[in-house]
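Working through the structure, step by step
What follows is each chain in one-letter form.
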Amino acid sequence: MKYYLIVGEASGDLHASHLMSSIITRDPEAQFRFFGGDMMSEAAGNRGVRLKHYRELAYMGFIPVLLHLNTILKNMKRCREDIVAWNPDVVILVDYPGFNLKVAKYINEHTSIPLFYYISPKIWAWKEHRIKAIKRDISEMYSILPFEVPFYEQKHNYPIHYVGNPTADEVRQFRASYDGTLDIPNDNGLPVIALLAGSRLQEIKDNLPSMIEATRHLSDRYQMVLAGAPGVAPDYYDRFLHGTGVRIVYGKTYPLLSHAVAALVTSGTATLETALFGVPQVVCYRMPFPQLVALLRRLLLKVKYISLVNLIADAEVVRELVADTFTVDNIRRELDAILPGSPARDVMLRGYEEVSRRLGTSVAPDNAAQLIFKALRGRT
């Protein structure tokens, strides 16, 4: 069968590549065309054609989108026309709703090609009105977050499939094969506190200095190690790390978390990864105009939490210091409270066990591929 996939960012490229590999095991005749990245190209091999790299699509924020609007519209037009011309058996959308839902509307109006969604847009947090487009245009939704099931099925009467969580899969696979090495200069053999300050330059600039300042009082007892983000040059980090004693490692986030006794983490998938490694953490996310952001958060966000850990648990397992609560003093106090020997640390670790239980043990791409193949076979 013919599969057309659309991805708009690096995480989608990773998850879609695993899904494609799982599809191939079930459909040896599978052919792919896609908007995606290098990992998807590797997974497809000679079975696939990449039309655009996701880097040509990945504009985030109002101003960047406005400045590149003509390019975005051209890419969207090319995508729609290519889908119609190739006439695949299915179009599989991966997150990236601003682009994908517009393509889905067109394809649904002009063809009979089914549209499946792998990794739901976060409409439970904002832009809930997008449920109308999803119910109208999307035939099947494959979710990787268990709390999305009651959101879609009970609140919006739209049945979906929870297929498991790919991050949980990846952590399980890593832990099963990891040999325990971590190459960092740590002459004194001190226990490690991990700093995960985000992957974008602005995130790093906003969060890392406060993280470093909040850990300064622990420098004689702990080694602070920063997980360097791929694509961020070492000299960008130098301005923040020079003279601090903080070490940096690249491409070793999972080994780092395997050795860490605690962590300071910006919001995102990294919070879930940290929890799955059993590392107590403080979630830190600085924003401009914090008082205004705090007000807008209360007015606009539909959820109580921003970290995946707390969202999955539906409880405050980890402390979130965001906008008006993000201060060096608060970070320092919350970090001290979860260091080895503290009661709060044990409470958090018990909360992590509940998160793992809710995620389950299904292998997400395998489960999704099986359901996709079954659904398509049922249409023929």
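About the thresholds
- Residues numbered from 1 in each chain as written.
- Predicted model: local features only at pLDDT ≥ 70, side-chain atom pairs only at ≥ 80, totals over all residues.
- Heavy atoms only, no water.
- Phe/Tyr/Trp six-rings, centres within 6.5 Å; stacked < 30°, edge-to-face > 60°.
- Helix = DSSP H or I, 4+ residues; strand = E, 2+ residues; numbered from the N terminus.
- Buried < 20%, exposed > 50% of the residue type's maximum accessible area, 1.4 Å probe, protein only.
- Lys NZ or Arg CZ within 6 Å of the ring centre and 35° of its normal.
- Pairing = 2+ DSSP bridges.
- Contact = heavy atoms within 4.5 Å.
- Axes fitted to C-alpha atoms, helices over the stretch in contact; angles between N-to-C directions.
- Expected span 1.5 Å × (residues − 1).
- Bend = angle between axes of the 7 residues up to and from the residue.
- Salt bridge = Lys/Arg side-chain N within 4 Å of Asp/Glu carboxyl O.
- pLDDT = per-residue confidence, 0-100.
- Right-handed = clockwise from strand over helix to strand, strands pointing away.
- Core = buried A, V, L, I, M, F, W, Y, C linked by side-chain atoms within 4.5 Å.

Another point: the packing of aromatic side chains. Across all of its chains, the model carries 14 aromatic pairs by this definition. Seen from their ring centres, phenylalanine 174 and phenylalanine 277 are 5.9 Å apart, and the 65 degrees between their planes marks the pair as edge-to-face. Highlighted residues: phenylalanine 174 in helix 8 (residues 166–177) and phenylalanine 277 in the loop between helix 12 (269–276) and strand 12 (281–285), separated in sequence by 103 residues. Classification of phenylalanine 174 by relative accessible area gives buried; the value is 18%. Overall, the relative accessible area of 7% leaves phenylalanine 277 in the buried class. Through a chain of ring-to-ring contacts, the aromatic side chains of Phe174, Tyr178, Tyr254 and Phe277 assemble into a single cluster. We note lysine 2 situated over the ring of tryptophan 86; from NZ or CZ to the ring centre the distance is 4.9 Å. The ring centre of tyrosine 106 lies 4.7 Å from the NZ or CZ of arginine 80, which sits over that ring.

Before going further, it helps to spend a moment on the sheet that holds strand 7 (residues 161–162). Reading across the sheet, the seven strands line up as 3-2-1-4-5-6-7 and stay open at both edges, with parallel pairing between neighbours. Two strands bound the open sheet, and with one partner strand each, they are strand 3 (48–53) and strand 7. Bridge analysis of strand 1 (residues 2–6) against strand 4 (residues 90–94) gives four bridges, and the strand direction is parallel. Bridge pairing links isoleucine 6 to leucine 93 in strand 4. Lying on the sheet, helix 1 (residues 10–26) is in contact with strand 1, strand 2 (31–36), strand 4 and strand 5 (115–118); it crosses strand 2 at an angle near 175 degrees.

We now examine helix 9 (residues 201–215). Since one α-helical turn is 3.6 residues long, residues separated by three or four positions face the same way. The first and last C-alpha atoms of helix 9 sit 21 Å apart over 15 residues, in line with the 21 Å expected at 1.5 Å per residue. Where helix 9 bends most, the angle comes to about 30 degrees, and this point is asparagine 207, followed within four residues by the proline proline 209. Along helix 9, the residues classified as buried are Glu203, Ile204, Asp206, Asn207, Leu208, Ser210, Met211, Ile212, Ala214 and Thr215. Among the structural elements, strand 8 (192–196), strand 9 (223–228), helix 10 (234–241), strand 11 (260–265), strand 12 and helix 15 (328–336) are those in contact with the buried residues of helix 9.

Hydrogen bonds along the backbone pair up the strands of a sheet, which may run parallel or antiparallel. Here six strands make up an open sheet; going across it, the order is 10-9-8-11-12-13 and the pairing parallel. Looking at which strands have only one partner, the edges of the open sheet turn out to be strand 10 (247–250) and strand 13 (319–322). Neighbour to neighbour, the strand axes of the sheet diverge by 25 degrees on average, direction disregarded. Across four bridges, the pairing between strand 12 and strand 13 is parallel. Following the sheet pairing, cysteine 284 is matched in strand 13 by leucine 321.

Moving on to the pattern of salt bridges. Applying the stated criterion across every chain yields a total of 18 salt bridges. When the shortest N-O distance is used, the salt bridge between glutamate 354 and arginine 358 registers 2.7 Å. Taken together, the residues glutamate 354 and arginine 358, both in helix 16 (residues 343–359) and four residues apart, mark about one turn of the helix. On the basis of relative accessible area, glutamate 354 is assigned to the partly exposed category, the value being 26%. Since its relative accessible area comes to 34%, arginine 358 is described here as partly exposed. Each of Glu316, Arg319 and Glu334 takes part in a single network of salt bridges with overlapping partners.

A few words on the confidence of the model for the chain. Detailed reading of the predicted coordinates is not advisable wherever pLDDT falls low. Confidence along the chain averages 90 in pLDDT terms, with 90% of residues attaining 70 or more. Confidence over residues 59–63 falls short of pLDDT 50; this stretch has six contacts with residues more than four positions distant or in other chains.

The element strand 9 is largely enclosed, with a buried count of six among its six residues. Residues of strand 9 alternate between two faces, with Gln223, Val225 and Ala227 on one and Met224, Leu226 and Gly228 on the opposite face, all of them buried. The pairing of strand 8 with strand 9 spans four bridges and is parallel. Residue pairing in the sheet places leucine 195 in a bridge with leucine 226 of strand 9. Following the backbone out of strand 8, through helix 9 and into the adjacent parallel strand 9, one traces a crossover that is right-handed.

In terms of nonpolar packing, the biggest core is built from 127 residues, with Tyr3, Leu5, Ile6, Phe32, Tyr118, Leu195 and Leu208 touching the most fellow members. Setting aside anything within four residues of it in sequence, one finds isoleucine 6 in contact with Phe35, Cys79, Ile83, Val91, Ile92, Leu93, Val94, Phe99, Asn100 and Val103.

With phi around 55 degrees, lysine 127 is a residue other than glycine that occupies positive phi space. Within the secondary structure, lysine 127 is located in the loop between strand 5 and helix 6 (131–137). The phi dihedral of aspartate 314 falls on the positive side, at around 55 degrees, and the residue is not glycine. Mapped onto the fold, aspartate 314 is located in the loop between helix 14 (308–313) and strand 13. Its relative accessible area of 49% is what places aspartate 314 among the partly exposed residues.

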